[in-house]
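Structural overview for review
Each chain is listed here by its residues.
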Amino acid sequence: MAMETLTMSTKERRRLALFGQVKPGSLTLRAASQSLGLGYRQTRRMFARFKAQGDAGLVHKLRGRSGNRRRDAAQRDQVLTLYREHYADFGCTLACEYLLSQHGLTVDDQTLRRWLTTEGLWQRRRKSQVKRQRRLRRSCFGDLVQIDGSHHDWFESRPCAQQDGATLPASSCALMVMIDPRRDATGWTHAQFFEGETTHAVMTIFQDWSLDHGLPAQLYPDQDSIYRVNTKAADEIEERTGARPMTQFGRALKELGVKLTCAKSPQAKGRVERMNGTLQDRLVKALRLAGISEMAAANVFLKETFLPQLNEKFSVRPADEADAHRAVSASELIAALCVREERKVGKDQCVSFEGQVLQLNPGRELPSLADKKVTLSRSLEGELTVLWKGKVVESSAVTQRPKAQVKCESLSERVASHAERWRPPSHHPWKRGVVPPQPTPPQSGRPPAEPGSAAASAAPQPALRQAQPAGCERTFLLR
């Protein structure tokens, strides 16, 4: 049997891999349609063609065929002949203009370039090296603001203040820096120390900047996971839908109307990187001279002394006096700058969030929220709010969920539990005709009769007992 060579694209090879799992039954056709991003009916038609024709059924039917708009071979030969005779040193664009004006032949410049490359009449010409220049500053204050976290030994491992007679080690922290902006208009800098570069730290310094100046038009950070979801699943979702999942901070900026653009390299946000270097030199020495080795005292020193002097020395006057910041209220910032997630309410009207159990109290205005999804929002101050369809739901923290009552599943368990709780009295109908157990008569000196003998059969038999539940054994007379 002759071997056939098939040329398949990446998309077709992915379909082949998925249909190879559908065929033995390890994957459903509906799940394959969701993975491919196609409708179920289209996937079913493709799978039927795959079963009928094999791998060739997934290859596009127009592959290897000439396009419907392909130029006639005679016209192509005529154009190449004229180019060799008259326009051998012409560029493709100029040659097309002369072919139209002098010979009445309409040819696109890219089409002519492909023809000439195939015939060896055109070679790719390398462009000269790009001479890069320093970008100009933005014209307005607030057009673009950079943000970055700088990790450094800011206190030079100096010990902290004394506490209970013991010297505490210097705390390690990160300095969050915001500068206006890459291609900045003023070079205005704002900075604050935090325990680490976290979502809470980024939201806090952005809130302080917005309360002082307003909302910037664009924010320019790096591709840290605080600003961008860096997972393979996010890449697949973006490739399939064109929209990338957002982080908590990205969602907050979208609600506030601030454009978020992540830099692809440290060089792209060079101004804030150079400012980090300046602060790691100047600020470390200033903290040493001031004798500061604690984060709280360092933040006060930054706000009251260091940053005003730094901005007065290095900031410049913008080319345009207009301010690109937009006014924003404190309530809008508090509502947007928070950690917001969805949770499903249990049948006991409880919901779990960050290791905490909340008992919901919908009241009369709201229906029962069991098996419904609610939105939990934690503000920068740590206040937790539960929302359902935009309405605030009252809640209270509980140490543990209320325990459900365990029901007996078998008859023996129910009888045993009943016997433990209540015992019938002497006048109960169950005890009518009950013969109290008789004492065993003393045995004579005769040996016991052997089983099956006449003596054993003549011996009186003991009264039979009726089977009773556990804990309720009684002896009844045989009538």
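Placed above this text is the structure.
The sections below set out a description of the structure shown in this document.

Conventions adopted
Per chain, residue numbering runs from 1 following the sequence as it is written. Per-residue local features are limited, in this predicted model, to residues with pLDDT of at least 70; the limit for side-chain atom pairs, both in listing and counting, is 80 or more; totals at the level of whole chains, interfaces and linings are taken over all residues. Note: side-chain values were computed over all heavy atoms of the structure, leaving out hydrogens and water. Criterion used throughout: strands pair if DSSP finds at least two bridges between them. A run of H or I in DSSP counts as a helix once it spans at least four residues, and a run of E counts as a strand once it spans at least two, with each numbered from the N terminus. Here an angle of 0 to 180 degrees is reported between the N-to-C directions of two axes, which are lines fitted to C-alpha atoms, with helices fitted over the stretch in contact. Grouping buried Ala, Val, Leu, Ile, Met, Phe, Trp, Tyr and Cys residues that are joined through side-chain atoms within 4.5 Å yields what is termed a nonpolar core. Relative accessible area decides the class of each residue, using a 1.4 Å probe on protein chains only: under 20% of the type maximum gives buried, over 50% gives exposed, and in between gives partly exposed. Residue contacts follow a heavy-atom distance rule, with two residues in contact if any of their heavy atoms lie within 4.5 Å. What makes a patch is a set of residues exposed beyond 30% relative accessible area and free of salt bridges, joined within 9 Å when like-charged and within 5 Å when nonpolar (Val, Leu, Ile, Met, Phe, Trp, Tyr). Residue exposure ignores everything except the shown protein chains as possible cover, and the areas themselves are Shrake-Rupley values with a 1.4 Å probe. By salt bridge we mean one thing: a side-chain nitrogen of Lys or Arg within 4 Å of a carboxyl oxygen of Asp or Glu. As used throughout, the charge tally considers Lys and Arg to be positive and Asp and Glu to be negative, leaving His and the chain termini uncounted. A charged residue contributes its charge at one atom only: NZ of Lys, CZ of Arg, CG of Asp or CD of Glu.

A short note on the sheet that holds strand β11 (residues 373-379)
- Taken in spatial order, the six strands of this open sheet run β8-β11-β12-β13-β10-β9, and their pairing is antiparallel. Edge positions in the sheet fall to β8 (338-344) and β9 (350-353), since each of these pairs with one other strand and no more. Between one strand axis and the next, the sheet turns through 35° on average, direction left out of account.
- Pairing geometry for β8 and β11, over seven bridges, is antiparallel. Following the sheet pairing, Val-339 is matched in β11 by Arg-378.

Focus on the nonpolar core
- If you look at the biggest cluster of nonpolar residues, it comprises 27 residues, and the most contacted ones within it are Phe-206, Leu-219, Phe-249 and Leu-337.
- Per element, the largest residue contribution to this core is six residues, and it comes from helix α7 (residues 199-213).
- If sequence neighbours within four positions are ignored, Phe-206 has contacts with Met-178, Leu-215, Pro-216, Leu-219, Phe-249, Leu-253, Leu-256, Val-258 and Leu-337.
- Formed by 22 residues, the second largest nonpolar core is a distinct cluster that contains Ile-179, Leu-279, Val-284 and Leu-287.

Topic: a positive patch on the surface
- Residues Arg-41, Arg-44, Arg-45, Arg-49 and Lys-61 make up a contiguous surface patch of positive charge.
- Relative to the helices and strands, Arg-49 is located in helix α3 (residues 40-53).

Regarding the sheet that holds strand β6 (residues 218-220)
- In spatial order, the strands read β5-β4-β1-β6-β7; together these five strands make up an open sheet with mixed pairing. Edge strands, defined here as strands with exactly one partner in the open sheet, are β5 (189-194) and β7 (259-260).
- Here strand β1 (residues 145-151) runs beside strand β4 (residues 174-179); their pairing, made up of six bridges, is antiparallel. When the bridges of β4 are listed, Asp-148 appears paired with Val-177.

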